[in-house]
Amino acid sequence: MDLPKPIVRDFVTRHDVLVAGGDDRDIRAAIRAGEITAVRAGAYVSTNAWLALDAVERHRLRTRIVLHQRGTAYAATHTSSAVEHDIDLYGQDLSVVHLTHRCGGRGRRENGIVYHEGPIGDESLTEIDGALYSNPTRAMWEVALISSVESALVSLDCALRLKSTSKNALHEIGGPFRNWSRSRNARLAILLCDGRSGSVGESRSRYQFVRHGIPAPELQYEVRNSNGILIAYTDFAWLEYRHVGEFDGHVKYDLKSKWVKDPKFEVIKEKLREDEVRDELLGFSRWGWAELDPPRLDPWLRGLQRSLERSRRLYTRNGVHIPLR
């Protein structure tokens with residue numbers, strides 16, 4: 001079955017098929033043949049295209065379909081808006097689309113959609129490809145209000161890093177949200193957020209530092225040798241301990257990654273880089289995804305604290321401080 005080609009959309013609807021001269025039997029036959037997949041009732045996408053999408057991209061497409069079906073009376077908000085603005089997410093339920101009625105309405109959840117209580121003013125909206133979304137600043141408050149502090153911090157750090165919003169902008173619109181449920185979590189995440197945090201893993205690490213009493217590090221620190229030559233950027237630096245740390249997501253070592261030409265070379269290069277950093281009398285810690293979750297979280301944090309203390313003993317003995325800057 002040849003589907004009508006959408007003009008602006010990356011999906012077709014039952015109405016599109018009927019207008020093109022097809023009928024429900026053609027749709028059912030195409031589904032049975034594996035040519036198309038029903039993403040929502042009355043909305044279809046090429047099966048090959050659907051299978052190529054990851055969870056975030058599927059949520060983005062599902063949201064666009066819902067907005068098309070519901071019309072401009074609704075705006076995509078919360079997680080669904082964050083996805084459209086390319087903001088990182090962690091621990092969010094991507095199986096549901098979040099909508100808010102522009103003129104108000106009771107909150108409810110049905111048929112894969114969470115309807116939030118409105119209204120939402122035009123000043124909080126942005127239009128993308130003919131559909132309405134909460135703007136990034138509003139979306140970050142919305143995400144923070146339905147998330148754990150850790151999840152909210154991941155998204156807020158990313159929004160600041162992308163310059164989609166700013167701390168000043170977040171504080172300026174925060175008044176109306178102070179009495180909303182989970183406002184305390186949201187305000188704490190906004191207090192902690194920092195656009196220098198470079199990835200989901202770095203943001204999650206920072207949350208664990210705060211939660212478990214690890215001293216606050218400097219972010220994206222430049223390590224220079226005695227001649228002032230830059231030898232490394234490190235994700236974290238504890239200046240008073242003469243210790244640096246890095247979250248390692250392992251992408252650069254992944255044989256299947258399209259970004260990696262020679263994983264073995266990357267491993268060697270990272271080891272040489274680490275050796276150069278240690279030559280500057282700096283302790284060095286490295287961790288990955290596994291350390292951020294039980295059962296390895298507590299042992300890793302205890303080990304990190306011991307490493308900080310060890311570096312301070314080794315490199316600042318007799319009270320002599322060797323400046324890092």
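In this report, we go over the structure that sits alongside the text. Just so it is clear, the model here is predicted, and its values are computed rather than measured.

1. Digging into the overall build of the protein
And then number 1: On a plain count of helices and strands, the protein comes out with 12 helices and 13 strands.
And then number 2: Burial analysis of the protein (325 residues in total) assigns 46% to the buried set.
And then number 3: Long-range pairs, those at least 24 residues apart, make up 58% of the contacts in the protein between residues at least 6 apart in sequence.
And then number 4: Carbon and sulfur atoms make up 51% of the accessible area of the protein, which totals about 17,300 Å².

2. A word on the pattern of salt bridges
If charged atoms from side chains of opposite charge come close, those side chains can pair.
And then number 1: Taken as a whole, this structure holds 24 salt bridges when the rule is applied.
And then number 2: Across the pair Arg64 and Glu84 runs a salt bridge whose closest N-O atoms are separated by 2.9 Å. In this pair, Arg64 sits in helix H4 (residues 55–70) while Glu84 sits in helix H5 (residues 78–84), placing the two residues 20 residues apart along the sequence.
And then number 3: With a relative accessible area of 8%, Glu84 lands in the buried category.
And then number 4: Notably, a salt bridge pairs Glu246 with Arg286, separated by 3.5 Å at the nearest N-O pair. With Glu246 in strand S12 (residues 243–247) and Arg286 in strand S13 (residues 283–287), this pair connects stretches of sequence that are 40 residues apart.
And then number 5: Glu246 sits in the buried class, given a relative accessible area of 5%.
And then number 6: Members of the salt-bridge network, linked through shared partners, are Glu246, Asp248, Arg273, Glu274, Arg278 and Arg286.

3. Considering helix H6 (residues 136–145)
An α-helical turn contains 3.6 residues, so a residue and the one three or four places further along point in the same direction.
And then number 1: Counted residue by residue, H6 has 10 buried out of 10 residues, so it is predominantly covered.
And then number 2: Taken as a whole, H6 has its buried residues at Pro136, Thr137, Arg138, Ala139, Met140, Trp141, Glu142, Val143, Ala144 and Leu145.
And then number 3: Buried residues in H6 make contact with H5, strand S9 (131–134), helix H7 (149–161), helix H8 (167–172) and helix H9 (183–192).

4. Focus: the sheet that holds strand S1 (residues 12–13)
And then number 1: A sheet is described by the order of its strands in space; here 3 strands give the open sequence S1-S3-S2, paired in antiparallel fashion. The open sheet has two edge strands, S1 and strand S2 (36–40), and neither has a second partner.
And then number 2: Here S1 runs beside strand S3 (residues 43–46); their pairing, made up of 2 bridges, is antiparallel. From the neighbouring strand, Val12 faces S3, where its bridge partner is Tyr44.
And then number 3: The strands that H4 touches are S1, S2 and S3; relative to S2, the one it contacts most, it runs at about 65 degrees.

5. Brief notes about the packing of aromatic side chains
And then number 1: Counted under the stated rule, the structure contains 11 aromatic pairs.
And then number 2: Note on Phe209 and Trp300: the rings are 6.2 Å apart at their centroids and 40 degrees apart in plane angle, and the pair reads as tilted. A residue pair is termed long-range when its members are at least 10 positions apart, and Phe209 in helix H10 (residues 200–212) and Trp300 in helix H12 (residues 297–315) qualify at 91 residues. Taken individually, Phe209 and Trp300 each receive the classification buried, so the pair is uniform in this respect.
And then number 3: For the pair Phe236 and Trp287, a centre-to-centre distance of 5.5 Å together with 25 degrees between the ring planes defines the contact as stacked. With a gap of 51 residues between them, Phe236 in strand S11 (residues 230–238) and Trp287 in strand S13 connect regions that are remote in the sequence. Just as Phe236 is buried, Trp287 falls in that class too.
And then number 4: Here the aromatic cluster, defined as three or more aromatic residues joined through ring pairs, consists of Phe209, Phe236, Trp238, Trp287 and Trp300.
And then number 5: Over the face of the ring belonging to Tyr115 we find Arg108, whose NZ or CZ atom lies 3.9 Å from the ring centre.

6. Section: H4
And then number 1: Taking 1.5 Å per residue, 16 residues should reach 22 Å; H4 reaches 22 Å between its end C-alpha atoms and fits that length.
And then number 2: When we look at burial in H4, the residues that qualify are His59, Arg60, Leu61, Arg62, Thr63, Ile65, Val66 and Leu67.
And then number 3: Of the residues that open H4, the one with a side-chain oxygen 3.1 Å from the backbone nitrogen of Val56 is Asp54.
And then number 4: Remark: Gly71 follows H4 within two positions and exhibits a positive phi of approximately 85 degrees.

Here is what the cut-offs are and how they apply
Residues numbered from 1 in each chain as written. Predicted model: local features only at pLDDT ≥ 70, side-chain atom pairs only at ≥ 80, totals over all residues. Heavy atoms only, no water. Helix = DSSP H or I, 4+ residues; strand = E, 2+ residues; numbered from the N terminus. Buried < 20%, exposed > 50% of the residue type's maximum accessible area, 1.4 Å probe, protein only. Contact = heavy atoms within 4.5 Å. Areas by Shrake-Rupley, 256 points an atom, 1.4 Å probe, with all protein chains shown as cover. Salt bridge = Lys/Arg side-chain N within 4 Å of Asp/Glu carboxyl O. Pairing = 2+ DSSP bridges. Axes fitted to C-alpha atoms, helices over the stretch in contact; angles between N-to-C directions. Phe/Tyr/Trp six-rings, centres within 6.5 Å; stacked < 30°, edge-to-face > 60°. Lys NZ or Arg CZ within 6 Å of the ring centre and 35° of its normal. Expected span 1.5 Å × (residues − 1). Polar contact = N/O pair within 3.5 Å; in protein donor to acceptor, adjacent residues only side chain to side chain.

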